[in-house]
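# Descriptive structure summary
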Amino acid sequence: MKVVLPGGTGQVGAILDRALTAAGHEVTVLTRRPVRAHEVAWDGATLGPWAEAVDGCDVVINLAGRSVSCRYTSENLRAMMDSRVDSARVVGEAIATAARPPRVWLQMSTATVYAHGFDAAHDEATGVIGGSEAGVPDYWAYSVDIARNWERAQADAPTPATRRVALRSAMVMSPDRGGVFDVLSRLARLGLGGPVAGGAQYVSWIHHEDFVRAVEFLIARDDLDGPVNLASPAPLPHRDFMRALRTAWRVPVGLPATRWMAELGAFALRSDTELLLKSRRVVPGRLRAAGFSFAHPGWEKAATSLVRQARSVRAASGRPDRGARRVPG
């Protein structure tokens, strides 16, 4: 199978590139700075020679978009919007002009499209799209607008011969350095992995192995199109999420953080508190209805699996795992 990964050099792209290549598929990565033999240059906004890779491939999985791990300034929010919408639009143009278009186009989206809330979980059929919630920062609505415009760019593309799926993904947890699990693990190991702002907000997540399996499932299932939630069936409150992560790392204590402390921490990390404070209670309605079975449905066992993998990665790279820092108390 020939697979094209626009924007495939980020964390999620590296996961898919590694897994699909190991499975024997021919993977081409589209990137602004090609280095490896299977990488091809593109700018993410205009058609060019890179479109030849799309013509005749079997699957396109578009992951392109500016990282959300940044301060949510007006400039950065606009860059997030433009990079996602432009890349989806131009991928659609490449597919539309291909002599042999791919049979399926998987377009990355985000579970952030759903409303902030603490009650009913959001599936694809009954989930509430966000943007009008009361009592949250105004700019959170812009994140929802990004997701909606991202998906609309795919839905509006004139690609009748290609099945289209929007991947409303939760946070993908993997042992890779620099990913969200790595960042949260560092906080937990330093004794800083306690609940933030009370910890009632829900965390939606998916183990990287289930993410890959779900992508493969969606490629194979010709009867599935449109939005699909890629999230574990067991989202949980932040306080419980971090407690399980600390347990997996054998850290006895996690210092709690107030909202203003989270603001200071996010500023220091050049990130934004929406990633911590927005309650995302998202469940995989369509995947489960189609018969997909999760290998890691619950966070406690998933966290233990990821910690074991992270330790193996560190050992393989020559960085000894000195264990967690113990916090008195």
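The sections below set out a description of the structure shown in this document. (Residues numbered from 1 in each chain as written. Predicted model: local features only at pLDDT ≥ 70, side-chain atom pairs only at ≥ 80, totals over all residues. Heavy atoms only, no water.)

## Examining the environment of V29
Summarising the element assignment, V29 is placed in strand β2 (residues 26-31). A residue is classified by how much of its surface remains accessible, and V29, at 0% relative accessible area, is buried. Once residues within four sequence positions are removed from consideration, V29 is found in contact with L5, G8, T9, D17, H38, E39 and V40. (Helix = DSSP H or I, 4+ residues; strand = E, 2+ residues; numbered from the N terminus. Buried < 20%, exposed > 50% of the residue type's maximum accessible area, 1.4 Å probe, protein only. Contact = heavy atoms within 4.5 Å.)

## Observations concerning the pattern of salt bridges
Going through the model one piece at a time under the given rule, you end up with 14 salt bridges. Between R163 and D222 there is a salt bridge, and its shortest N-O distance comes to 3.7 Å. Pair noted here: R163 is in strand β6 (residues 163-169) and D222 is in the loop between α6 (208-220) and β10 (226-230), with a separation of 59 residues, a long-range link. Of the residues examined, R163 reaches a relative accessible area of 12% and is grouped as buried. (Salt bridge = Lys/Arg side-chain N within 4 Å of Asp/Glu carboxyl O.)

## Description of the side chain of S279
Structurally, S279 is set in the loop between α9 (274-277) and α10 (285-289). On the accessibility criterion, S279 (0% relative accessible area) is buried. Those residues in contact with S279, other than ones at most four positions away along the chain, are A115, H116, G117, F118, Q201 and Y202.

## Topic: the sheet that holds strand β5 (residues 104-108)
What the 7 strands build is an open sheet, ordered β3-β2-β1-β4-β5-β6-β10; its pairing is parallel. Because the sheet does not close on itself, it has two edges, and the strands there are β3 (39-41) and β10. Taken over all neighbouring pairs, the strand axes of this sheet differ in orientation by 25° on average, direction set aside. As defined by bridge partners, β2 adjoins β3 across 3 bridges and the pair is classed as parallel. (Pairing = 2+ DSSP bridges. Axes fitted to C-alpha atoms, helices over the stretch in contact; angles between N-to-C directions.)

## What to know about the pairing of β6
Burial of β6 is extensive: 6 of the 7 residues sit out of reach of the surface. In this sheet, β6 lies alongside β5 in parallel orientation, the contact comprising 5 bridges. Following the sheet pairing, W105 is matched in β6 by R164. Assessed by its sense of winding, the connection that carries the chain from β5 through helix α4 (residues 140-155) to β6 is right-handed. (Right-handed = clockwise from strand over helix to strand, strands pointing away.)

## Structural notes on a nonpolar patch on the surface
A surface patch of nonpolar side chains, about 260 Å² in accessible area, is lined by L190, L192 and L255. Its location among the elements puts L190 in the loop between α5 (180-189) and β8 (202-203). (Patch = residues over 30% accessible without salt bridge, like charges linked within 9 Å, V, L, I, M, F, W, Y side chains within 5 Å. Areas by Shrake-Rupley, 256 points an atom, 1.4 Å probe, with all protein chains shown as cover.)

## Quick look at the environment of R78
Relative to the elements of secondary structure, R78 occurs in helix α3 (residues 74-97). The spatial distance from the C-alpha of R78 to the C-alpha of I146 is 8.9 Å, given a sequence separation of 68 residues.

## Comments concerning the nonpolar core
Soluble, globular proteins show a tendency: their nonpolar side chains are buried together. Grouped together as the largest cluster of nonpolar side chains are 35 residues, with contacts concentrated most on L16, I61 and L230. The element that contributes the greatest number of residues to this core is α6, accounting for 7 residues. If near-sequence neighbours (up to four positions away) are discounted, L230 is found in contact with L167, R168, S169, A170, I206, F211, A214, V215, L218 and L287. Membership of the second largest hydrophobic core comes to 20 residues, among which are M173, F181, A188 and A248. (Core = buried A, V, L, I, M, F, W, Y, C linked by side-chain atoms within 4.5 Å.)

## With respect to the side chain of S185
Mapped onto the elements of the fold, S185 is located in helix α5. Side-chain polar atoms of S185 contact the side chain of W249, separated by 2.9 Å. Once residues lying within four places of it in the same chain are set aside, the contact partners of S185 are L245 and W249. (Polar contact = N/O pair within 3.5 Å; in protein donor to acceptor, adjacent residues only side chain to side chain.)

## Describing empty space enclosed by the protein
Scanning all chains against the criterion turns up 1 cavity of 30 Å³ or more. Along the walls of the largest cavity sit G131, E133, V136, W140, A141, V144 and K278, which together make up its complete lining. A per-class count over the lining of the largest cavity returns 4 nonpolar, 1 polar and 2 charged. (1 Å grid on protein atoms, 1.4 Å probe; cavity = no way out; pocket = protein on both sides within 12 Å on 5 of 7 lines; lining within 4 Å. Points joined across faces, edges and corners; volume = space filled by probe spheres on them. Nonpolar A, V, L, I, M, F, W, Y, C, P; charged D, E, K, R; others polar.)

## Notes on the packing of helix α7 (residues 238-249) against helix α11 (residues 299-316)
Where α7 contacts α11, the axes come no closer than 9 Å and their chain directions differ by 40°. What the angle tells us is that α7 and α11 run oblique. Like other packed secondary-structure pairs, α7 and α11 cross with a definite hand, here right-handed. Packed against α7, whose contacting residues are F241, A244, L245, A248 and W249, the element α11 presents W299, E300, A303, T304, V307, A310 and R311 at the interface. In terms of residue class, the contact of α7 with α11 is built from 9 nonpolar, 1 polar and 2 charged. (Parallel < 35°, antiparallel > 145°, perpendicular 65-115°, else oblique. Left-handed = near helix turned anticlockwise from the far one by under 90°.)

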